Amino acid sequence: MRKYEVMVIIDPDTDDRQVNPILEQHTKVITDAGGTIENLDVWGKRRLAYEINKKSEGIYAVIELTAEPDAVKEMDRLFTINERIMRTKVLRPVPEKKKKD
């Protein structure tokens, strides 16, 4: 099991009430594979650095999870298929080095 951080940008035309169900639908792949979702943080609408699909805003969400690499690949594949998802980025956070006293 590895720790991952997934950034998702959802189409800004999506209703706010639909954001969590969309994310939960895709994170179900992780929980079904025995992984865990540590944190699901929806940041809301933010301005994009550049336009994506002629849109200048997007709904940002960050998911912190622990799972097997295959489950994360499958979740990312499902995100790419969904038309409401504009972009995704999967990162493996760098572990902090322990300080010696």
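This write-up is about the structure you can find in this document. None of these values were measured; they are calculated from a predicted model. (Residues numbered from 1 in each chain as written. Predicted model: local features only at pLDDT ≥ 70, side-chain atom pairs only at ≥ 80, totals over all residues. Heavy atoms only, no water.)

### Some remarks on the pattern of salt bridges
Under the definition given, this model contains five salt bridges. Where lysine 55 meets aspartate 11, a salt bridge forms, and the shortest distance between an N and an O atom there is 3.2 Å. Linking lysine 55 in strand 3 (residues 55-67) with aspartate 11 in the loop between strand 1 (2-10) and helix 1 (16-32), this pair joins segments that are 44 residues apart in sequence. Here lysine 55 matches aspartate 11 in class, with each residue buried. Among the salt bridges present, the one from aspartate 32 reaches lysine 28, with a minimum N-O distance of 3.0 Å. (Salt bridge = Lys/Arg side-chain N within 4 Å of Asp/Glu carboxyl O. Helix = DSSP H or I, 4+ residues; strand = E, 2+ residues; numbered from the N terminus. Buried < 20%, exposed > 50% of the residue type's maximum accessible area, 1.4 Å probe, protein only.)

### Considering helix 2 (residues 69-81)
Between its first and last C-alpha, helix 2 extends 19 Å over 13 residues, near the 18 Å set by a 1.5 Å rise per residue. Where helix 2 is buried, its residues touch strand 1, helix 1, strand 3 and strand 4 (85-91). (Expected span 1.5 Å × (residues − 1). Contact = heavy atoms within 4.5 Å.)

### Remarks on the nonpolar core
With 18 residues, the main nonpolar core has Val8, Leu23, Leu65 and Phe79 as its most contacted residues. Mapped onto this core, the elements with two or more residues apiece are strand 1, helix 1, strand 3 and helix 2. For this core, the leading source of residues is strand 3, giving five residues. The residues contacting phenylalanine 79, other than those within four sequence positions of it, are Val6, Val8, Leu23, His26, Ile63, Ile85 and Thr88. Ile9, Leu48, Tyr60 and Met86 belong to the second-largest nonpolar core, a separate cluster that totals five residues. (Core = buried A, V, L, I, M, F, W, Y, C linked by side-chain atoms within 4.5 Å.)

### Some details on the sheet that holds strand 3
Across the sheet, four strands lie side by side as 2-3-1-4; this open sheet has antiparallel pairing. Of all strands in the sheet, those bounded by a partner on one side alone are strand 2 (36-52) and strand 4. For this sheet, the mean angle separating the axes of adjacent strands, direction not counted, is 20°. Where strand 1 and strand 3 come together, nine bridges link them in antiparallel fashion. From the neighbouring strand, isoleucine 10 faces strand 3, where its bridge partner is isoleucine 59. Those strands touched by helix 1 are strand 1, strand 2, strand 3 and strand 4, and its axis lies near 125° from that of strand 2. Taken strand by strand, helix 2 contacts strand 1, strand 3 and strand 4, and its axis lies near 5° from that of strand 1. (Pairing = 2+ DSSP bridges. Axes fitted to C-alpha atoms, helices over the stretch in contact; angles between N-to-C directions.)

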